[in-house]
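Summary of structural features
So the chains spell out like this:
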Amino acid sequence: MSYADPSLEALLQRLLTQYQPRYTEGKVANYIPALAQVAPAQAGVAIATLDGKVSGAGAFEQQFSLQSVSKIFALVMAMNRLDDELWQRVNMEPSGQPFNSIVQLEWEKGIPRNPVINAGAILVSDVLVSHYSASKSAFLSFIRRLAQTDQIYADQQVYQSELEHGNRNAALAYLMKSFGNIEAEVPLVLAQYFHQCATAISCAELSRALLFLANRGVQPGTQAQICSRRDAHRVNAILSTSGMYDQSGEFAFKVGLPAKSGVGGAIVAIVPQFGVITAWSPPLNRFGNSVVAMQLITAIAEELGLSLF
Ligand code: DON
């Protein structure tokens, strides 16, 4: 385990004690049985900084379901294989619709609004299936390499549950296929997408894994170039406008950082030139964003003056 920063740890502990009781204001995701069983009264928060320190409070080393936060890793992998072609197949605009909406996709002829709504992420999964050999293990290896641990894995119970209750995502995939915007066979694409969502990871691991986005595409420590500086900038731009779904505007207004949420209860926020904050607590608000994680990240950004705007 890396060193922690005592003053950041004290801040995180104080805010966690203040906000954790508010988990009662949300509801745990129930669209698949594997997530509906998760205990609601849990929370953790971790900050990884570019100097290699990881500071945390609460259940910050406990693993949870990555869900839509996986869309960031998959997008970077797709951008590393396709250049402009990717941005002809998926747009870069906020959707103004719920994350699993179908209606807009038909109006817009099978071109998803952005790569972090479900339709866009399924398209990105198609790119991975079509451009990586053994794409599921390539995805897992990528996250493990970034987090510098082999403890991260695909939770088979969550994966099976997603497959069995994936009709809406299947509908999105087949609709895009009918417009000629999906190359591989739909079942393979969905298996890839669900595998990504089912990743089990902790706040500490996730914060460390995404440090390259706070550091112009370079992983601190190893100095490996994970993606180009331009692509790190582009991913952060997409997260700023679309990462929190229909609450992206409010999040920019109140927090002012590129961020991504998942229905497993995680929110990760990138702080360029500083580090990465991950907060996790399972109960969600009506947009599908974690109630406590939202409050924790808002308070941290305010106290440390992190807004980019
Ligand atoms: O595909 C789905 O709908 C889920 N596996 C993931 C959605 C999600 O995490 C949206 N996040 N807020």
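If you're wondering where the values come from, they're calculated on a predicted model, not measured in any experiment.

Notes on the sheet that holds strand β4 (residues 153-154)
- A sheet is described by the order of its strands in space; here three strands give the open sequence β3-β5-β4, paired in antiparallel fashion. The open sheet has two edge strands, β3 (64-65) and β4, and neither has a second partner.
- The pairing of β3 with strand β5 (residues 199-201) spans two bridges and is classified as antiparallel. When the sheet's bridge partners are listed, Phe64 is paired in β5 with Ile201.

Remarks on the site of the ligand
- Every residue near the ligand is listed here: Gln67, Ser68, Phe99, Asn100, Asn118, Glu162, Asn169, Cys197, Ser261, Gly262, Val263 and Gly288.
- Here the shell around the ligand is built from residues that sort into three nonpolar, eight polar and one charged.

A closer look at the sheet that holds strand β2 (residues 54-58)
- Spatially, the five strands line up as an open sheet ordered β2-β1-β8-β7-β6, and their pairing is antiparallel. Pairing within the sheet leaves two strands with one partner each, and these edge strands are β2 and β6 (259-261). When strand polarity is set aside, the average angle formed by the axes of neighbouring strands in this sheet is 10°.
- Across the face of the sheet, helix α14 (residues 291-304) comes into contact with β1 (44-49), β7 (266-271) and β8 (275-280) while running at roughly 150° to β8.

Basis of the calculations
Residues numbered from 1 in each chain as written. Predicted model: local features only at pLDDT ≥ 70, side-chain atom pairs only at ≥ 80, totals over all residues. Pairing = 2+ DSSP bridges. Helix = DSSP H or I, 4+ residues; strand = E, 2+ residues; numbered from the N terminus. Near = placed C-beta within 6 Å. Nonpolar A, V, L, I, M, F, W, Y, C, P; charged D, E, K, R; others polar. Axes fitted to C-alpha atoms, helices over the stretch in contact; angles between N-to-C directions. Contact = placed C-beta atoms within 7 Å.

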